[in-house]
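Per-entry structural report
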Amino acid sequence: MAKNKPTVVVTRKLPDSVETRMRELFDTRLNLEDKPMNQAELVEAMKSADVLVPTVTDRIDASVISQAGDRLKLIANFGNGVDNIDVATANKRGIVVTNTPGVLTEDTADMAMALILAVPRRLMEGISVMEQGGWQGWSPTWMLGNRIWGKRLGIIGMGRIGQAVARRAKAFGMQIHYHNRRRLPAAVEAEHEATYWESLDQMLARMDVISIHCPHTPGTYHLLSARRLKLIRPDAYIVNTARGEVIDENSLARMVLNNEIAGAGLDVFEHEPAVNPKLAQSNRVVLIPHMGSATLEGRSDMGEKVIINIKTFMDGHRPPDRVLPSML
């Protein structure tokens, strides 16, 4: 019976419950040390596996896919975004790619809302003062931040996560604006009381807070370029829980240091795990280590999605979360 099980290589440590279930269902090779695989190790894994389960830290580019063995038929990504995988090359090689959409929506939206609150209210600055023992007592003019009630929130990418952020921000009294590749149906706009901007440039120039929720694709690389960042008002804030490559990070760092933008809350970075040192120098930037989706529930749900995709594919059916080049 075991001989009929597909060989599944998992590139990183997953929750115990997920790994246990995968071992029950498949001939699963785990990464117990949780050490990221280098390119040579990824190639070796893809030569011996029927299914590869990578994560966002694995770069499955054309050169890696071209060296995959004939056995490899499925790349079941443990993650929502697939910018780490050359989906077009995989498709040409007859390798199906899946992801884990939907299950991280609420977790990521929670973190985005936390940053939307933390940056204008100078939360990290306050924590730093307390940690360093510098608090001298309450003062009516000290550590003043900005109210978010009544402010305009500009959402870039109004998909599942963008809409979940809109629901939260609306409850905090923010006015919802958005830019999207396609305008949402009127009923959805009405639900969020959202104003659509066809022009991203025009929206950026009018917002108090900007929150990014679009995927990283060739079309969104440096979507917030140096030119677009200069359109943002100097008293506005940027929050990014999507992908670091969407922002020109060097330009953002310079603008923060030059007081050309009020502050930023960043969960993702252009060259992870490296962080621009200029951003780390500023007390008006909240930096957290790509933990927007880091909940026990979310990670377990991701694992269940991966298992369902593998099992459905191996049973000869189309996996529910297949990703095609045309979708990107």
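Residues numbered from 1 in each chain as written. Predicted model: local features only at pLDDT ≥ 70, side-chain atom pairs only at ≥ 80, totals over all residues. Heavy atoms only, no water.

Observations regarding the packing of aromatic side chains
Working definition: an aromatic ring pair is given by the centre-to-centre distance plus the angle between the planes. For the coordinates displayed, the defined rule picks out one aromatic pair. Taking the centre distance of 5.1 Å and the plane angle of 45 degrees together, the rings of Y178 and Y196 count as tilted. Here Y196 lies in strand 8 (residues 194–196) and Y178 lies in strand 7 (residues 175–179), a separation of 18 residues in the sequence. In this structure Y178 comes out as buried when scored by relative accessible area, which is 0%. You can call Y196 buried: its relative accessible area is 19%. (Phe/Tyr/Trp six-rings, centres within 6.5 Å; stacked < 30°, edge-to-face > 60°. Helix = DSSP H or I, 4+ residues; strand = E, 2+ residues; numbered from the N terminus. Buried < 20%, exposed > 50% of the residue type's maximum accessible area, 1.4 Å probe, protein only.)

Brief notes about helix 7 (residues 160–171)
The end-to-end C-alpha distance of helix 7 is 17 Å, a good match for the 16 Å that 12 residues give at a rise of 1.5 Å each. When we look at burial in helix 7, the residues that qualify are I161, G162, Q163, A164, V165, A166, R168 and A169. Taken from the residues just after helix 7, G173 is the one with a positive phi, measuring 85 degrees. (Expected span 1.5 Å × (residues − 1).)

Quick look at the domain arrangement of the chain
Each domain of the chain was delimited in the assignment, giving domain 1 (7–102 + 295–327) and domain 2 (105–287). Distance from the C-alpha centre of domain 1 to the C-alpha centre of domain 2: 31 Å. The contact between domain 1 and domain 2 buries some 580 Å² in all, and 35% of this surface belongs to carbon and sulfur atoms. Interface area lost by domain 1 to domain 2 is led by D83, G102 and T295, which between them contribute 63%. In this structure, the salt-bridge partner of D83 is R243, at a minimum N-O distance of 3.2 Å. Where domain 1 meets domain 2, there are four residue pairs in polar contact (both at pLDDT 80 or more). The residue inventory of the side of domain 1 that touches domain 2, partitioned by class, reads three nonpolar, four polar and one charged. (Domains from an automatic or database assignment. Buried area = accessible area lost by both parts, 1.4 Å probe. Salt bridge = Lys/Arg side-chain N within 4 Å of Asp/Glu carboxyl O. Polar contact = N/O pair within 3.5 Å; in protein donor to acceptor, adjacent residues only side chain to side chain. Nonpolar A, V, L, I, M, F, W, Y, C, P; charged D, E, K, R; others polar.)

Digging into the sheet that holds strand 8
Strand order in the open sheet made by the seven strands is 8-7-6-9-10-11-12, with parallel pairing throughout. A single partner strand is all that each edge strand has here, and the edge strands are strand 8 and strand 12 (285–287). Mean inter-strand twist for the sheet, computed between neighbouring axes without regard to direction, equals 20 degrees. In terms of strand pairing, strand 6 (residues 152–156) meets strand 9 (residues 209–212) through four bridges, oriented parallel. Residue pairing for strand 9: G154 is matched across the bridge by I210. (Pairing = 2+ DSSP bridges. Axes fitted to C-alpha atoms, helices over the stretch in contact; angles between N-to-C directions.)

Thoughts on the UniProt feature "domain: D-isomer specific 2-hydroxyacid dehydrogenase NAD-binding" (unreviewed entry) in the chain
Per the UniProt annotation, the sites labelled "domain: D-isomer specific 2-hydroxyacid dehydrogenase NAD-binding" (unreviewed entry) are residues 113–292. Strand forms 16% of residues 113–292 and helix 32%; the C-alpha atoms that close the span are 10 Å apart. (UniProt positions renumbered as here; feature names shortened; annotations may be inferred.)

Considerations on helix 2 (residues 39–48)
Considered for burial, the residues of helix 2 that qualify are L42, V43, A45 and M46. Axial view of helix 2: buried residues confined to an arc of 160 degrees, hence all on one face. Among the exposed residues of helix 2, those oriented more than 90 degrees off its buried face are A40 and E44. Contacts from the buried residues of helix 2 go to strand 1 (7–10), strand 3 (51–53), helix 3 (62–65) and strand 4 (74–76). (Arc of directions from axis to C-beta. Contact = heavy atoms within 4.5 Å.)

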